[in-house]
Amino acid sequence: METRYRTGFQTEQYTVMKPVSETSYVQRKYTVMKPVSQTSLVERRYTVAKPVYNTERREKRYTVMKPVYQTSNVERKYTVCKPVYNTERREKRYTVMKPVYQTSNVERRYTVCKPVYNTERREKRYTVMKPVYQTSNVERKYTVMKPVYTTEMVAQPYIVRKPVTTVSEVVRECGRYETQYTTTPGPIVERQVKVPAQECGCEPVRRGCHHKKKVWATVTVQCPPRTVRERVFVSRPVVEQITQTRYVSETEYRQVAVQKCTMVAEERVENVPVTTCTMVAEERVQPYEVRTCTMVNEERVENVPVTTCTMVAEERVQPYEVRTCTMVNEERVENVPVTTCTMVAEERVQPYEVRTCTMVNEERVEQVPVTTCSMVAEEHVENVPVTTCRLVAETATRQVPVTVAEQVPVTLNRVVPRTVARTQAVQQCTMVPVAVPSCMTCQ
């Protein structure tokens, strides 16, 4: 008999605290600052400087000195030193012409046109439009947007979280490890054992006869069996029910009072003072100055430096071939163009326009809309959902594993050794007498 353990299940009751959610609504009052805009027209007076332009055409006479250029050719004689080169071999002596420069001043006369300015005072007559203002009252109709307030009920959505309970089945492994014994037969091996042998047939009085009573023989023997202990996992799945609670968002609607403002047009009449401006002509005199320019010829004299070059012979000595240069004076004549300028007076007439601008002050009135915004307190009431959770005791049933010991009959196999006779060839040794010659005997 072998003791084995098995796992049984026993029903057990236990208490579970289950959460229960309750939602209630609480009124909450809050104040909203509502802006109220009001627009009114305000008169603004301002003065504008209005330009009045007047164009007058006039003639201006002036004298211009017109230059008249005259070109004439004048003969100018000058001397040029022309070099004459001669190469000869001497005893290191040669003559070089050294230039000597001399500067002298020569008078040069020329005519310059000098401007002479003259200022003349004149009078200018012009007409100015003088404004004359007159004020009268005029009826003006205008429209005012008057606010009209109305209250409407509007459906406002809000989100409510509701609990949803679901039951799911979960398979839980409740297996255990058990010990199992396995019997394995022993291996078959060969062993050397002693077995009885037959008599050799020699006489016992004979000293040279030796025989064995037992011999070694190889026998196949099976070893005893061995028991193997092994831990084996025995699976036992258990199905459990798990309750889960999750919150689902749902959109619900509630009626909220909303105040709307509608602007209604309303016509009004007011007396507006209107100022009219009449322009009256007025003649004025304005003195002004005119500046004239006259060109007068003026003769001037200036000294012009003239440089002349004179070649002077200088003797030098050179131990090599000498090249001499002899300067020969050569007189030349060239025509030099001389331009003279004569200023001739010419009278011209130039028409021009004089544009005068007079700034006239003009008073204007404009209506400026001024918007004022005031904050009005408005009290609102809303229902706020408040969720409370309380725990409720609930009795549940579960299966508890219990280990039970029991006696189980077990059959064991035992290997018993037994002797088995078999025929085996055995080699025996027999002593045979042999005749030995006398010559080979030991002395």
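All values reported here derive from a predicted model rather than from experimental measurement.

Caption draft 1: Examining the overall build of the chain more closely. Helix and strand content of the chain: zero helices and eight strands. When the helices and strands of the chain are read in sequence order from the N terminus, they spell out β-β-β-β-β-β-β-β. Relative to a compact globule of 443 residues, whose C-alpha radius of gyration would be 22 Å, the chain shows 76 Å and is clearly more extended. Taking all 443 residues of the chain together, 7% fall into the buried category. Considering only residue pairs separated by 6 or more positions, the chain has 97% of its internal contacts joining residues 24 or more positions apart. A total of about 37,200 Å² of accessible surface is found on the chain, and carbon and sulfur atoms cover 50% of it.

Caption draft 2: Examining the pattern of salt bridges more closely. Going through the model one piece at a time under the given rule, you end up with 22 salt bridges. In this structure, glutamate 270 engages arginine 140 in a salt bridge whose closest nitrogen and oxygen atoms are separated by 2.0 Å. Taken together, the residues span a long stretch of sequence, with glutamate 270 in strand E7 (residues 237–316) and arginine 140 in strand E2 (residues 94–173) at a distance of 130 residues. Among the salt bridges present, the one from glutamate 382 reaches arginine 254, with a minimum N-O distance of 3.5 Å. Separated by 128 residues along the polypeptide, glutamate 382 in strand E8 (residues 322–408) and arginine 254 in strand E7 bring together distant segments of the chain.

Caption draft 3: Broad picture of the packing of aromatic side chains. One pass over the structure, following the stated rule, counts one aromatic pair. The ring of tyrosine 158 carries the charged tip of arginine 254 above its face, separated from the ring centre by 4.7 Å. In this structure, arginine 291 packs its charged tip against the face of tyrosine 117, placed 4.3 Å from the ring centre.

Caption draft 4: The arrangement of the side chain of arginine 236 in detail. Relative to the helices and strands, arginine 236 resides in the loop between strand E6 (226–234) and E7. Nearest to the buried, unbridged arginine 236 among oppositely charged side chains is glutamate 173, at 7.2 Å. Contact partners of arginine 236, with chain neighbours within four places excluded, come to Thr7, Phe9, Arg172, Glu173, Cys174, Gly175 and Pro401.

Caption draft 5: Focus on the environment of glutamate 152. Looking at where glutamate 152 falls in the secondary structure, it is placed in strand E2. C-alpha separation for the pair glutamate 152 and valine 258, spaced 106 residues apart in sequence, amounts to 5.3 Å. The contacts of glutamate 152, once residues within four sequence positions are left out, are Val256, Ala257, Val258 and Lys260. Among the polar contacts listed, one links the side chain of glutamate 152 to the side chain of lysine 260, at a separation of 3.2 Å.

Caption draft 6: Seen up close, the confidence of the model for the chain. In this model, the chain carries a mean pLDDT of 80, and residues with pLDDT of at least 70 account for 93%. Considering only residues more than four positions removed or in separate chains, one finds that residues 439–443, a stretch of pLDDT under 50, has zero contacts.

Caption draft 7: Here's a closer look at the state of the cysteines. Applying the stated criterion to the full structure yields zero disulfides. Take cysteine 293: it sits in no disulfide, and the sulfur closest to it among the cysteines is that of cysteine 113, at 11 Å. Between cysteine 309, a cysteine without a disulfide, and cysteine 81, which holds the nearest cysteine sulfur, the sulfur-to-sulfur distance is 6.2 Å.

Caption draft 8: Structural context of the side chain of lysine 124. With respect to the element layout, lysine 124 can be found in strand E2. Ignoring any residue separated from it by four or fewer positions in sequence, one finds lysine 124 in contact with Glu56, Arg58, Arg284, Val285, Gln286, Tyr288, Val354 and Thr356.

Caption draft 9: Summary view of the environment of valine 312. Here valine 312 is to be found in strand E7. C-alpha separation for the pair valine 312 and methionine 97, spaced 215 residues apart in sequence, amounts to 5.2 Å. Contact partners of valine 312, with chain neighbours within four places excluded, come to Val96, Met97, Lys98 and Val100.

Caption draft 10: Examining the environment of valine 112 more closely. For valine 112, the location among the structural elements is in strand E2. Taking the C-alpha atoms as reference points, valine 112 and valine 370, separated by 258 residues in sequence, lie 75 Å from one another.

Rules behind the numbers
- Residues numbered from 1 in each chain as written.
- Predicted model: local features only at pLDDT ≥ 70, side-chain atom pairs only at ≥ 80, totals over all residues.
- Heavy atoms only, no water.
- Helix = DSSP H or I, 4+ residues; strand = E, 2+ residues; numbered from the N terminus.
- Rg over C-alpha atoms; globule rule 2.2 N^0.38 Å.
- Buried < 20%, exposed > 50% of the residue type's maximum accessible area, 1.4 Å probe, protein only.
- Contact = heavy atoms within 4.5 Å.
- Areas by Shrake-Rupley, 256 points an atom, 1.4 Å probe, with all protein chains shown as cover.
- Salt bridge = Lys/Arg side-chain N within 4 Å of Asp/Glu carboxyl O.
- Phe/Tyr/Trp six-rings, centres within 6.5 Å; stacked < 30°, edge-to-face > 60°.
- Lys NZ or Arg CZ within 6 Å of the ring centre and 35° of its normal.
- Lys, Arg positive; Asp, Glu negative; His and termini not counted.
- Polar contact = N/O pair within 3.5 Å; in protein donor to acceptor, adjacent residues only side chain to side chain.
- pLDDT = per-residue confidence, 0-100.
- Disulfide = S-S within 2.5 Å.

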